[in-house]
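A structural walkthrough
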Number of protein chains: 2
Amino acid sequence: MKVSKELLKGSTVILVLSLLEREPMYGYQMIKEMEKQSNGVFVLKEGTLYPILHALEANGMIVSYWWGNEGTRQRKYYRIINKGKQYLKEKRKEWETFRSAVDKVLTGEVCTCS
Amino acid sequence: MKVSKELLKGSTVILVLSLLEREPMYGYQMIKEMEKQSNGVFVLKEGTLYPILHALEANGMIVSYWWGNEGTRQRKYYRIINKGKQYLKEKRKEWETFRSAVDKVLTGEVCTCS
DNA sequence: ATTCTATACATAGCATTACAATGCATTGCT
DNA sequence: AGCAATGCATTGTAATGCTATGTATAGAAT
């Protein structure tokens, strides 16, 4: 496969990074945002999201920090950094490639993008 | 996830069924066809394709039969049958849903379908 | 004729990954 | 005080595609 298996096996990582590109968020917030922005199609589980966030942090794509107003609940925010932005850029291109390739095979011709 | 995990984890199955919808094919041929029709994006491995074909047959989506002219090599052809066509129809819809949901999150807005 | 390459089907074992299930702690509402 | 929602996190499991490997045939090259 020319498209990396990470993408094939699920686009979760780029979806997560894409969210963080807009603004720093904490885990629970990302789950809700993802659901909203995908019209309820993607409802991430904690068991899916947190390992991804931890891996992204370990790889230097994002950073995390506890934050919260005095006396309120502290939340762990994640922010995308340069390396992560570069990575996301590449992955976006891969998604385009993947998407049009699937469409080509599914329709048997070039996607007319109805 | 509303989209079934089968789709999320890879669209291989619908790609395979989609190929067979056009005409009956044998395994090796499918690998080459897939590569051609996807512009080299999908290069299936035998270890990926054959288990899928066997599973599809076991589930009554496709049938197989050995065939070949007298004196030439016998090849195992696979043909999609009714149940498989129905299944493919559903899966195509799922792909549409999945695709537009990813696009929505990636772009942060409705896909303009450039 | 023999060697090599492409063709052709097939399986075992491995790594990845999303999910279910669960745990624990905090906040806000009644 | 009790309960539901919020919030972070891990463990175990099932699914799935890939690597590696095995076997065998057809056709081309030497």
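Residues numbered from 1 in each chain as written. Chains lettered and ligands numbered in written order. Predicted model: local features only at pLDDT ≥ 70, side-chain atom pairs only at ≥ 80, totals over all residues.

**A closer look at the sheet that holds strand β1 (residues 25-26) of chain A**
All names here are of chain A. Read across the sheet, 3 strands follow the order β1-β3-β2 without closing on themselves; strand pairing throughout is antiparallel. The outermost strands of the open sheet, each flanked by one partner alone, are β1 and β2 (62-67). Relative to strand β3 (residues 75-80), β1 is paired through 2 bridges, and the arrangement is antiparallel. Considered in β3, the bridge of methionine 25 is made with tyrosine 78. (Pairing = 2+ DSSP bridges. Helix = DSSP H or I, 4+ residues; strand = E, 2+ residues; numbered from the N terminus.)

**Looking at the confidence of the model for chain A**
Residue and element names in this part refer to chain A. Averaged over every residue, the pLDDT of chain A is 84; the share at 70 or more is 84%. A low-confidence stretch, residues 1-8 (pLDDT under 50), is modelled with 18 contacts involving residues beyond four sequence positions or located in other chains. Here residues 110-114 scores under 50 on pLDDT; set against residues more than four positions off or in separate chains, the count is 5 contacts. (pLDDT = per-residue confidence, 0-100. Contact = placed C-beta atoms within 7 Å.)

**With respect to the sheet that holds strand β2 (residues 62-67) of chain B**
Sheet strands associate in pairs through backbone hydrogen bonding, adopting either a parallel or an antiparallel arrangement. Residue and element names in this part refer to chain B. Pairing is antiparallel across the open sheet formed by 3 strands, whose spatial order is β1-β3-β2. This sheet does not close on itself; its edge strands, each paired only once, are β1 (25-26) and β2. Bridging between β2 and strand β3 (residues 75-80) involves 6 bridges; their strand directions are antiparallel. Bridge pairing links tryptophan 67 to arginine 75 in β3. On the sheet, helix α2 (residues 12-22) packs against β1, β2 and β3 and is oriented at approximately 95° with respect to β3. (Axes fitted to C-alpha atoms, helices over the stretch in contact; angles between N-to-C directions.)

**What to know about the environment of Lys83(B)**
All names here are of chain B. Its place among the elements puts lysine 83 in helix α5 (residues 82-107). Here lysine 83 falls in the partly exposed class, since 13 other C-beta atoms lie within 10 Å of it. Distance in space between the C-alpha atoms of lysine 83 and glycine 27 is 20 Å, their sequence separation being 56 residues. When sequence neighbours within four positions are dropped, the list of residues in contact with lysine 83 reads Gly60 and Met61. (Buried ≥ 20, exposed ≤ 12 C-beta atoms within 10 Å, placed from the backbone.)

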